[in-house]
There are 2 protein chains.
Amino acid sequence: MRSTPAAETFPAQTPAASQVFTTVLSHGPLTRLDAGRRAGLSPAAVTKAVRPLLEAGYLVEGADEEARPALGRPAGLVRVNGERALFIGVKVTGDELIAVLTDLCCRIRLARRTPLPDRSVRKVLASVAGLVHELLVHAAESGAPVLGLGIAVSGDVDRAEGVVRYSPFLEWRDIPLAELAAMAGGLPVTVDNDVRALTVAEQWFGAGAGLSDFAVVTVGAGIGCGLVVHGQVVAGAHGVAGEIGHVVIDPAGPSCHCGNRGCVEAIAGDAAIVTRIREVTGRHVADSAEAVALARQGVPGAREVYARAGEAIGRGIATVANLLGPERVIISGEGLAAYDLFAGQIREAFTAAAFGSAAQCDVQTRPLPFEEWARGAAAAAIQSFITSTPRSGQG
Amino acid sequence: MRSTPAAETFPAQTPAASQVFTTVLSHGPLTRLDAGRRAGLSPAAVTKAVRPLLEAGYLVEGADEEARPALGRPAGLVRVNGERALFIGVKVTGDELIAVLTDLCCRIRLARRTPLPDRSVRKVLASVAGLVHELLVHAAESGAPVLGLGIAVSGDVDRAEGVVRYSPFLEWRDIPLAELAAMAGGLPVTVDNDVRALTVAEQWFGAGAGLSDFAVVTVGAGIGCGLVVHGQVVAGAHGVAGEIGHVVIDPAGPSCHCGNRGCVEAIAGDAAIVTRIREVTGRHVADSAEAVALARQGVPGAREVYARAGEAIGRGIATVANLLGPERVIISGEGLAAYDLFAGQIREAFTAAAFGSAAQCDVQTRPLPFEEWARGAAAAAIQSFITSTPRSGQG
DNA sequence: GCCATTATTTTCCGCTGTCAATAAAAGAAA
DNA sequence: TTTCTTTTATTGACAGCGGAAAATAATGGC
């Protein structure tokens, strides 16, 4: 039954050990005292938690040369040994696969992309296996073991079960992807929704580190949103959450594929912008790159389309802020390439529509290189590896 | 410094004991086995947790006469002894105080309301003290001790600190209400936002019992929303959360006191409906009761105003469902008196605007008697009492 | 009366994290 | 150089929580 080899498991048996490790992972090198303070543990507990992790090579010690206070015993810093383990993350889009090899600190070692002519589960799995193999070969040279594979798919994904319930882009329904991929690749597999995976990456390795309530908004072909509330990623009781793209901004707006009018996505999604610019300028516009170019050239009407998109996004973010009161909102996504075209409107619309002190929410932007989605998948795999119970876990 | 007497504390030292008690509180009489199953504990742990609570009188045993399976040792049911302790909840509105005396199961024993001619902190405290005294006298007859006072106020309230940061209705800013009321009344005081308090009541004693993700939407003078995500009430990083009333539904809609146009509250709030019906029908309409009457009589235009309000509420709820994917939404509030006038539209708009399986969310309505807000305050007090750490807690 | 069956309690037992005391690693003072 | 002071890390004893398994309890059926 189990074709996957008994993979290495993470030597953090106790809650405290997990706690300490993730704290060090997210907050860089820390003294044992600081780690304890952050994790709410006594120094003694940190010492005990750290030892097996040092022995297993997941943590390393290194003293901080500069910035040492003149008095007292110098602090010994503890940090995660990124070299200790590698992970692979794969993002499956409608027409291509993006894969990255990362270390334990989720730093990208290598990225690959390959077109995906066929969306059948079989073919996708074969392509994934091919990419994974390629990355494994590279990883073998570095000597570090690859300990997990994360796969990110848009749509309704049940991470705990490893099942893709429904992915409209891929036209998949109830595919036990984790199991299938584990059989093909021999690695423990984590499957998650793409936006949630990206949110995990921000939560552990990005601008969300240490925050208990924040949101990630992705702007691109679709408009998505990952939410962290009470320190946990929101998954939704029925698999749907963070659908900011289908929040209705203007009931008189353009119609959306979801059946409504004036969704954020129907105004600010890539396709919507391209279509609208085509209509407004009368020119032929092939893709968003051209749309951006037209707007930057100052072609009449094109700028306004972006302005309107920015307004829609800003309103959507304000809605999230009004409902959840996050500490921070991180805007990211491929669409950020056009950020200069709508940044002002996003901020303006957000400030106008945020209620009371919800406006205090810190709205940031982060560039999103194309491998970022795949990195999110790797982050999910890292998370699974670290939090996996050391019992006989199945792929 | 401490003018409050050393009040009785809840004898649940261990997490397991708290867990078991709240489980029994929310899910009625349970066998020890069932309680353990629900709380994720072994039967042995339940026995140990239950004993001190029985001894202290917070729990009582009672066998279930009917519905006993023919075989095996009959189960001994454990339930909360409501008589063991009483709590007082007070809701402060702009023009009146509502107070209730409840038992430990949050069942209302007595309700009182009194007009509030003056909103100064001094006067409000005096009125609260008067009402509390009156209820205390009644409570004394029953012999059960009153162990906590909850105060619910609309606006930005920091429950942990017991401070009202800003309440627009009362025009209060940074009032350490818990401390002030504790000095006046001699009871441990919990101060919370009114909608959050109501949400706590639903979470522990109502339709949210046992759910880890749900929302409470209140319809009335304002449109509010309390959220429970991952089993905890959402408070917002900056004190604002659940502001569904100021989610913009229609940028071309009527202007709202918050400065925007087309907020849910600007369409479906009591004042908005009355104003609009006045405009549409040309008649004099004094308050919502008259507005409802006109709509029920079939006066042309009045019904449509309610229909539009229902649509706005339904859209707002759909927005919550799209973003958070709650298991259930509980609609409540004074405005529910007009439920027959907009129920259809709420449901319709919700179904239309909910994305994908977010539409599976169970939308319920619950009548909201006038004392319900005060009961929410009592629920908050009960929660504080039960979860209070048995260290030297301050009032 | 004995047995099967289910509920509850008891009796250990492992394990976790805290506490308080101790060691370690400096620079400062003598 | 020695000794102090200061801050960090470690150690070992310890309390207590919750689990596993075995014992006990309460029934109805045979």
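These figures come from a predicted structure and were not determined experimentally. (Residues numbered from 1 in each chain as written. Chains lettered and ligands numbered in written order. Predicted model: local features only at pLDDT ≥ 70, side-chain atom pairs only at ≥ 80, totals over all residues. Heavy atoms only, no water.)

### Focus on the overall build of chain A
At step 1: Check the secondary structure of chain A and you find 12 helices and 16 strands.
At step 2: For chain A, whose C-alpha radius of gyration is 22 Å, the value lies close to the compact-globule estimate of 21 Å for 395 residues.
At step 3: Dimensions along the principal axes, computed over C-alpha positions, put chain A at roughly 65 × 55 × 40 Å.
At step 4: A burial count over chain A gives 54% of its 395 residues as buried.
At step 5: Counting contacts in chain A only where the partners sit at least 6 residues apart, residues at least 24 apart contribute 61% of the total. (Helix = DSSP H or I, 4+ residues; strand = E, 2+ residues; numbered from the N terminus. Rg over C-alpha atoms; globule rule 2.2 N^0.38 Å. Buried < 20%, exposed > 50% of the residue type's maximum accessible area, 1.4 Å probe, protein only. Contact = heavy atoms within 4.5 Å.)

### Quick word on the nonpolar core
At step 1: Residues Ile-277, Tyr-306 and Leu-324 of chain A together with Ile-277, Tyr-306 and Leu-324 of chain B are the most contacted members of the largest nonpolar core, which totals 104 residues.
At step 2: When near neighbours in sequence (up to four residues on either side) are disregarded, Leu-324 of chain A contacts Leu-227 and Val-229 of chain A together with Leu-227, Val-234, Gly-236, Val-240, Ala-241, Gly-242 and Leu-324 of chain B.
At step 3: Formed by 36 residues, the second largest nonpolar core is a distinct cluster that contains Phe-10, Leu-25, Val-100 and Leu-147 of chain B. (Core = buried A, V, L, I, M, F, W, Y, C linked by side-chain atoms within 4.5 Å.)

### What to know about the confidence of the model for chain A
Residue and element names in this part refer to chain A.
At step 1: On average, chain A scores 91 in pLDDT, and the residues at 70 or more come to 95%.
At step 2: Considering only residues more than four positions removed or in separate chains, one finds that residues 1–5, a stretch of pLDDT under 50, has nine contacts.
At step 3: In the predicted structure, residues 390–395 sits below a pLDDT of 50 and forms seven contacts with residues beyond four places in sequence or in another chain. (pLDDT = per-residue confidence, 0-100.)

### Comments concerning the interface of chain A and chain B
At step 1: Contacts between the two partners involve 39 residues from chain A and, on the opposite side, 39 residues from chain B.
At step 2: Of the roughly 3400 Å² buried where chain A meets chain B, counting both sides, 61% is carbon and sulfur surface.
At step 3: Of all residues in chain A, His-238, Leu-323 and Phe-355 of chain A bury the most surface against chain B, accounting for 21% of the area lost on that side.
At step 4: Summed over the shared surface of chain A and chain B, the number is zero salt bridges.
At step 5: Summed over the shared surface of chain A and chain B, the result is 20 residue pairs in polar contact (both at pLDDT 80 or more). (Buried area = accessible area lost by both parts, 1.4 Å probe. Salt bridge = Lys/Arg side-chain N within 4 Å of Asp/Glu carboxyl O. Polar contact = N/O pair within 3.5 Å; in protein donor to acceptor, adjacent residues only side chain to side chain.)

### Focus on the protein's contact with DNA strand D
At step 1: In the vicinity of DNA strand D, 24 residues are found, and the nearest of them are Arg-32, Gly-72 and Gly-76 of chain A together with Ser-42 and Lys-48 of chain B.
At step 2: Protein-adjacent atoms of DNA strand D, using a 4 Å cutoff, are sugar or phosphate at a proportion of 73%.
At step 3: Between a phosphate oxygen of DNA strand D and a side-chain N or O atom of Thr-47 of chain A, the distance comes to 3.1 Å.
At step 4: Between DNA strand D and Ala-16 of chain B there is a distance of 3.1 Å, counted from a phosphate oxygen to a backbone nitrogen or oxygen. (Near = heavy atom within 4 Å.)

### Digging into the packing of helix H1 (residues 15–26) of chain B against helix H6 (residues 194–205) of chain B
Residues and elements named next belong to chain B.
At step 1: Across the interface, H1 lies against H6 with an axial gap of 8 Å and an inter-helix angle of 90 degrees. When the interaxial angle is binned, H1 and H6 end up roughly perpendicular. Between H1, through Thr-22, Leu-25 and Ser-26, and H6, the contact on the second element is made entirely by Gln-203, Trp-204 and Phe-205.
At step 2: Among the residues forming the contact of H1 with H6, the class breakdown is three nonpolar, three polar and no charged. (Axes fitted to C-alpha atoms, helices over the stretch in contact; angles between N-to-C directions. Parallel < 35°, antiparallel > 145°, perpendicular 65-115°, else oblique. Nonpolar A, V, L, I, M, F, W, Y, C, P; charged D, E, K, R; others polar.)

### A few points about the protein's contact with DNA strand C
At step 1: Taken together, 24 residues are adjacent to DNA strand C, and Ser-42 and Lys-48 of chain A together with Arg-32, Thr-47 and Gly-76 of chain B come closest.
At step 2: A share of 72% of the atoms of DNA strand C within 4 Å of the protein falls on sugar and phosphate groups.
At step 3: Measuring from a phosphate oxygen of DNA strand C, one finds a side-chain N or O atom of Ser-42 of chain A at 2.5 Å.
At step 4: Contacts to DNA strand C include Arg-73 of chain A, whose side-chain N or O atom sits 3.3 Å from a base nitrogen.
At step 5: No other element matches helix H3 (residues 43–55) of chain B, which puts four residues into the surface near DNA strand C.

### So, the pattern of salt bridges
At step 1: Here the structure, examined in full by the defined rule, presents 38 salt bridges over all chains.
At step 2: As a salt-bridge pair, Arg-107 of chain B and Asp-103 of chain B come within 2.9 Å of each other at their nearest N and O atoms.
At step 3: Given the relative accessible area of 45%, Arg-107 of chain B is considered partly exposed.
At step 4: In this structure, a network of salt bridges that share partners links the residues Asp-158, Arg-165 and Asp-174 of chain A.

### Overview of the side chain of Ser-154 of chain B
At step 1: The residue Ser-154 of chain B is located in the loop between strand S7 (146–153) and strand S8 (156–158) in this model.
At step 2: The residues contacting Ser-154 of chain B, other than those within four sequence positions of it, are Ser-167, Phe-169, Asn-193 and Asp-194 of chain B.

### A look at the side chain of Arg-375 of chain A
All names here are of chain A.
At step 1: Mapped onto the secondary structure, Arg-375 falls in helix H12 (residues 372–387).
At step 2: You can call Arg-375 buried: its relative accessible area is 11%.
At step 3: When residues no more than four places from it in sequence are discounted, the contact partners of Arg-375 are Val-100, Cys-106, Ile-108 and Phe-205.

### Quick look at the domain arrangement of chain A
Residues and elements named next belong to chain A.
At step 1: The domain boundaries assigned to chain A delineate domain 1 (15–80), domain 2 (84–200 + 372–387) and domain 3 (210–365).
At step 2: The C-alpha-based centres of domain 2 and domain 3 are spaced at 27 Å.
At step 3: Counting residues at the interface gives seven residues for domain 2 and 14 residues for domain 3.
At step 4: Carbon and sulfur atoms supply 68% of the area buried between domain 2 and domain 3, which totals about 790 Å² over both sides.
At step 5: By the criterion of area lost to domain 3, the three top residues of domain 2 are Val-195, Arg-196 and Thr-199, representing 58% of everything that side buries.
At step 6: Our count for the contact surface shared by domain 2 and domain 3 stands at zero salt bridges.
At step 7: Counting across the domain 2 and domain 3 interface gives one residue pair in polar contact (both at pLDDT 80 or more).
At step 8: Ranked by residue count, the leading element in the side of domain 2 that touches domain 3 is helix H6 (residues 194–205), at five residues.
At step 9: Tallied by class, residues from the side of domain 2 that touches domain 3 come to four nonpolar, one polar and two charged. (Domains from an automatic or database assignment.)

### Here we look at the packing of aromatic side chains
At step 1: All chains considered together, the criterion is met by 16 aromatic pairs over all chains.
At step 2: Aromatic pair Phe-87 of chain A and Phe-385 of chain A: ring centres 5.5 Å apart, planes at 55 degrees, arrangement tilted. Here Phe-87 of chain A is found in strand S4 (residues 86–92), whereas its partner Phe-385 of chain A is found in helix H12, with 298 residues between them in sequence.
At step 3: The exposure class assigned to Phe-87 of chain A is buried, which follows from its relative accessible area of 0%.
At step 4: Among the residues examined, Phe-385 of chain A registers a relative accessible area of 6% and is labelled buried.
At step 5: With a centroid separation of 6.4 Å and 85 degrees between ring planes, the pair formed by Tyr-339 of chain A and Phe-342 of chain A is classed as edge-to-face. Taken together, the residues Tyr-339 of chain A and Phe-342 of chain A, both in helix H11 (residues 339–353) and three residues apart, mark about one turn of the helix.
At step 6: Since its relative accessible area comes to 2%, Phe-342 of chain A is described here as buried.
At step 7: Ring-pair connections join several aromatic residues into one group, and the members of that group are Phe-10, Phe-21, Tyr-58, Phe-87 and Phe-385 of chain A.
At step 8: Here the basic side chain of Lys-91 of chain A rests over the ring of Trp-373 of chain A, its NZ or CZ set 4.6 Å away from the ring centre.
At step 9: The positively charged end of Arg-173 of chain B is found above the aromatic ring belonging to Tyr-166 of chain B, 3.9 Å away from the centroid. (Phe/Tyr/Trp six-rings, centres within 6.5 Å; stacked < 30°, edge-to-face > 60°. Lys NZ or Arg CZ within 6 Å of the ring centre and 35° of its normal.)

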